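Chains, contacts and geometry: an overview
These are the residues of each chain, in order.
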Amino acid sequence: MPTPTDKTPRPLGRVLLTGATGMVGSSVLAALLNAESASEVVALGRRPSGRDHEKLTEVSFTDFGDTQAIEPYLIGTDTVFHCLATYSARVSRGEYEEITVDWLRALLTACETAAPKAAFCLFSAQGARAEGGGMSFALKVKGEAENVLFASTLKRKLIFRPGYIAPSGPRSSWKPADYVFKPLQRLVPTIGVTSDELARAMLETAMRDPRDTVVLENRDMRALLE
């Protein structure tokens, strides 16, 4: 079913973004820089995005597991987009859990102290289950991450579970699987979204959905986009 929307959009205001150089994060960053509703964007990342914009502040940052190191950048933040993620095949299981769950927990703890009224948007994955289970180790860990967000004291919690994410960037950014799935996604849009579509769904939901707790599956995002 289409996501209920509020006729009066909420301003995104001052935004903190993680993962701005990843496929999803870079699309979210571009959307934020084009959104009048976002007055300032602070991007925490290991490397710069290469973008130059008057409302963008990029912070070279590696201490994602250190709550106290994160807190100063959250002061005055209205909306958080947590797009920092990695592929489970690229790191060990311990590293994947640290990046997906432990770093999220540190960010949420910092947010509870420095920006308790902020809306928190989490990039998750189709098949993640907050109640446990999942078809793979990675999805189980994604479910654990969702539980960490649900357990936080923040009021607005928005979770996005896309299916296949087709890169919106040039072919040089494609993974081997994209050469199969991106053409398929054009023929069968319901299997996923493009990274730009996901970014649009995230911003629209943060601005217009009146609910405080939102979990959008891939089908919900497709309905919202259409």
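Report on the accompanying structure.

So, how was this worked out
Residues numbered from 1 in each chain as written. Predicted model: local features only at pLDDT ≥ 70, side-chain atom pairs only at ≥ 80, totals over all residues. Heavy atoms only, no water. Helix = DSSP H or I, 4+ residues; strand = E, 2+ residues; numbered from the N terminus. Buried < 20%, exposed > 50% of the residue type's maximum accessible area, 1.4 Å probe, protein only. Contact = heavy atoms within 4.5 Å. Areas by Shrake-Rupley, 256 points an atom, 1.4 Å probe, with all protein chains shown as cover. Core = buried A, V, L, I, M, F, W, Y, C linked by side-chain atoms within 4.5 Å. Salt bridge = Lys/Arg side-chain N within 4 Å of Asp/Glu carboxyl O. Phe/Tyr/Trp six-rings, centres within 6.5 Å; stacked < 30°, edge-to-face > 60°. Lys NZ or Arg CZ within 6 Å of the ring centre and 35° of its normal. Pairing = 2+ DSSP bridges. Right-handed = clockwise from strand over helix to strand, strands pointing away.

On to the overall build of the chain. Counting its secondary structure elements, the chain contains seven helices and nine strands. Out of the 226 residues belonging to the chain, those deemed buried represent 50%. In the chain, once contacts between residues fewer than 6 apart in sequence are set aside, the share between residues at least 24 apart is 69%. Counting only carbon and sulfur atoms, one obtains 51% of the accessible surface of the chain, whose full area is about 11,000 Å².

Right, let's talk about the nonpolar core for a bit. Judged by nonpolar contacts, the single largest core of 34 residues is most densely connected at Leu12, Val28, Leu32, Phe81, Leu198 and Met202. Looking at this core, the elements with two or more residues in it are strand E1 (13-18), helix H1 (23-34), strand E2 (38-45), strand E5 (119-123), strand E6 (157-161), helix H6 (195-208), strand E9 (213-217) and helix H7 (218-225). For this core, the element with the highest residue contribution is H6, accounting for seven residues. Residues in contact with leucine 32, not counting those within four places in the same chain, are Leu12, Val15, Leu17, Ala38, Val41, Lys55, Phe81 and Leu203. Formed by 33 residues, the second largest nonpolar core is a distinct cluster that contains Val42, Phe64, Ala69 and Val101.

Of note, glycine 45 is situated in strand E2. Note: C-alpha distance between glycine 45 and threonine 62 (17 residues apart in sequence) is 6.9 Å. Ignoring any residue separated from it by four or fewer positions in sequence, one finds glycine 45 in contact with Val59, Ser60, Phe61 and Phe64.

On to the pattern of salt bridges. Where charged atoms of side chains with opposite charge meet at close range, the side chains can pair. All chains considered together, the criterion is met by nine salt bridges. Linking glutamate 40 and arginine 14 is a salt bridge whose minimum nitrogen-to-oxygen distance equals 3.5 Å. Within this pair, whereas glutamate 40 is found in strand E2, its partner arginine 14 is found in strand E1, the two being separated by 26 residues in sequence. A salt bridge links arginine 105 to aspartate 102; the shortest N-O distance between them is 3.3 Å.

As a further point, take the packing of aromatic side chains. Evaluation of the coordinates by the stated rule reveals four aromatic pairs. Ring centres 5.8 Å apart and planes at 80° place the aromatic pair phenylalanine 61 and tyrosine 73 in the edge-to-face group. Here phenylalanine 61, found in the loop between strand E3 (56-60) and helix H2 (67-74), pairs with tyrosine 73, found in helix H2; they are twelve residues apart in sequence, far enough to count as distant. Put simply, the rings of Phe61, Phe64, Tyr73 and Trp103 pair up and form one aromatic cluster. Just above the ring of phenylalanine 137 sits the side chain of arginine 93; from NZ or CZ to the centre is 4.3 Å. Sitting above the plane of the phenylalanine 123 ring, lysine 142 keeps its charged end 5.3 Å from the centroid.

Attention now moves to the pairing of E1. Counting buried positions along E1 gives six out of six residues, so the element sits mostly inside the fold. Where E1 lies against E2, six bridges are found, and the strand directions are parallel. The residue bridging leucine 16 from the neighbouring strand is valine 42, located in E2. You can see the chain leave E1, run along H1 and come back into E2, and the turn it takes is right-handed. Taken together, the four bridges between E1 and strand E4 (residues 79-82) define a ladder with parallel strand orientation. Within the sheet, the bridge partner assigned to valine 15 lies in E4 and is threonine 79.

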